Amino acid sequence: MKTTRIQEKIIQETVTIVTLELSNAEGGHDWFHIERVYKNALLISKEENVDVFIVSLAALLHDIADSKFHGGDDNAGPRRAKEILMELRVDPVIIDHVILIVANISFKGGNAIKTFHSKELEVVQDADRLDALGAIGISRTFNYGGFKNRKIYDPEIRPQLDMTPQEYQASTAPTINHFYEKLLLLKDKMNTESGKKIAQERHHFMEQFLEQFYGEWEGKL
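Here's what I pulled together on the structure shown here. A quick note: this is a predicted structure, and the numbers were derived from the prediction, not measured. (Residues numbered from 1 in each chain as written. Predicted model: local features only at pLDDT ≥ 70, side-chain atom pairs only at ≥ 80, totals over all residues. Heavy atoms only, no water.)

## Details of the side chain of Thr14
Filter applied, for reference: Each helix corresponds to a stretch of at least 4 residues labelled H or I by DSSP, and each strand to a stretch of at least 2 residues labelled E; elements are numbered beginning at the N terminus. Exposure classes here rest on a 1.4 Å probe applied to the protein chains alone. A residue is buried below 20% of its type maximum, exposed above 50%, and partly exposed in between. Note on definitions: a residue-residue contact is assigned when non-hydrogen atoms from the two residues lie within 4.5 Å.
One can find Thr14 in helix α1 (residues 5-21). Look at Thr14 and you get buried, because its relative accessible area is 0%. Once residues within four sequence positions are removed from consideration, Thr14 is found in contact with Leu57, Leu60, Leu61 and Leu88.

## Some points on the packing of aromatic side chains
So the rule is basically this: Stacked, edge-to-face and tilted are the three classes for Phe, Tyr and Trp ring pairs, Trp counted by its six-membered ring, which pair at centre distances within 6.5 Å; planes under 30 degrees apart are stacked, over 60 edge-to-face, the rest tilted.
By the definition in use, this model includes 10 aromatic pairs. Ring geometry for Phe142 versus Phe209: centroids 6.0 Å apart, planes at 65°, classification edge-to-face. Residue Phe142 is found in helix α7 (residues 134-147), and its partner Phe209 is found in helix α10 (residues 193-217); the two are separated by 67 residues along the sequence. Given the relative accessible area of 24%, Phe209 is considered partly exposed. Considering the side-chain rings of Phe209 and Phe213, the 6.2 Å spacing of their centres and the 35° angle between planes classify their relative orientation as tilted.

## Remarks on unusual backbone geometry
In this model, Arg89 sits at a positive phi of 60°, which is unusual for a non-glycine residue. Mapped onto the fold, Arg89 is located in the loop between α4 (76-87) and α5 (92-104). Phi angles above zero are rare outside glycine, and Asn149 is one such case at about 55°. Along the chain, Asn149 falls in the loop between α7 and α8 (165-170). The class of Asn149 is exposed, set by a relative accessible area of 70%.

## Things to note about the side chain of Glu26
Selection rule: In this charge count, Lys and Arg are treated as positive and Asp and Glu as negative; neither His nor the chain ends contribute. Whenever Lys or Arg places a side-chain nitrogen within 4 Å of a carboxyl oxygen from Asp or Glu, that contact is recorded as a salt bridge. In protein, a polar contact means a hydrogen-donor-capable atom and an acceptor-capable atom, both N or O and within 3.5 Å, with residues adjacent in sequence counting only if both atoms are side-chain atoms; elsewhere, any N or O pair within 3.5 Å suffices.
Here Glu26 is to be found in the loop between α1 and α2 (31-45). Buried and unpaired, Glu26 has no salt bridge, with Arg140 as the nearest side chain of opposite charge at 6.2 Å. A distance of 2.6 Å separates a polar atom in the side chain of Glu26 from a polar atom in the side chain of Asn143.

## So, the layout of surface pockets
Note the threshold: Both site types are read off a 1 Å grid over the protein atoms alone. A 1.4 Å probe that fits but cannot get out defines a cavity, while an open set with protein on both sides within 12 Å along at least five of seven lines defines a pocket; lining residues have an atom within 4 Å of a point. Grid points are joined across faces, edges and corners, and a volume is the space filled by probe spheres set on the points. Three classes are used: nonpolar for Ala, Val, Leu, Ile, Met, Phe, Trp, Tyr, Cys and Pro, charged for Asp, Glu, Lys and Arg, and polar for all others, with Gly counted as polar.
Considered as a void within the structure, the largest pocket measures approximately 1,100 Å³ in volume. Taken together, 46 residues make up the lining of the largest pocket; nearest its centre are His29, Asp66, Lys68, Tyr168 and Lys182. Those elements that provide at least two residues to the lining of the largest pocket are α4, α5, α6 (119-130), α7, α8 and α9 (175-181). Per element, the largest residue contribution to the lining of the largest pocket is 5 residues, and it comes from α7. A per-class count over the lining of the largest pocket returns 15 nonpolar, 18 polar and 13 charged.

## Side note on the environment of Thr172
Inspection of the secondary structure puts Thr172 in the loop between α8 and α9. According to the relative accessible area criterion, Thr172 is exposed, its value standing at 66%. Separated by 43 residues in the primary sequence, Thr172 and Arg129 place their C-alpha atoms 21 Å from one another.

## Notes on the packing of α5 against α6
The condition is simple: Fitting a line to C-alpha atoms yields each axis, with helices limited to the stretch in contact; the angle taken between N-to-C directions then spans 0 to 180 degrees. Every angle not falling under 35 degrees, over 145, or within 65 to 115 is termed oblique; those three ranges are roughly parallel, roughly antiparallel and roughly perpendicular. Each helix crossing is assigned a hand: it is left-handed if the near helix lies turned anticlockwise from the far helix by less than a right angle, otherwise right-handed if that turn is clockwise.
Interaxial distance between α5 and α6 falls to 10 Å at its minimum, and their mutual angle equals 45°. With respect to α6, the axis of α5 lies oblique. The way α5 lies across α6 gives a crossing that is right-handed. For the pair α5 and α6, contact is made by His97, Ile101 and Asn104 and by Glu120, Leu121, Val124 and Gln125, respectively. Class assignment for the residues of the contact of α5 with α6 results in 3 nonpolar, 3 polar and 1 charged.

See below:
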């Protein structure tokens, strides 16, 4: 479903707002992350029967107020996204759908109960997850680990695969653990065929990286 001129104008206004609000954001959750997710979402949308306007707005607003940077408040993102969409006078039905996507997109340890489903959510969720994979995913992971002053790796601290959303959010584990607690799990959690195909390639790249990492850590490479 193609967007109209009015919808394109709203999308551009949203871009302007998001760019400004995330101008000082942590490097893995800044405007460039939003832009990549937006582009991924549009790419996947070509193969899916979805409302591209809803997908676009949700992709652009999905991290407008990430709970990690707002004291763990899961409502910060949906709340700010709703304020922006209301300011732009978006149709209330569309606002409701976008807010539900923003509220349900996060990984949250992989054990969160899903309460909302839509094809648009599937597309934006896949687009966001793709940015956590491959070379970009590796870069973002270590950037955030440095931002939180975490160890790169500690052989004595094992990954935890059965964390609750609260435990996942509060984790201070070394950065390498995040590969096992989230990144390497994403390939099998993709929703769309396009997403699955791209994820497979990026997943393989991360496996190669980890093999090289451990070889260098042990002084074998």
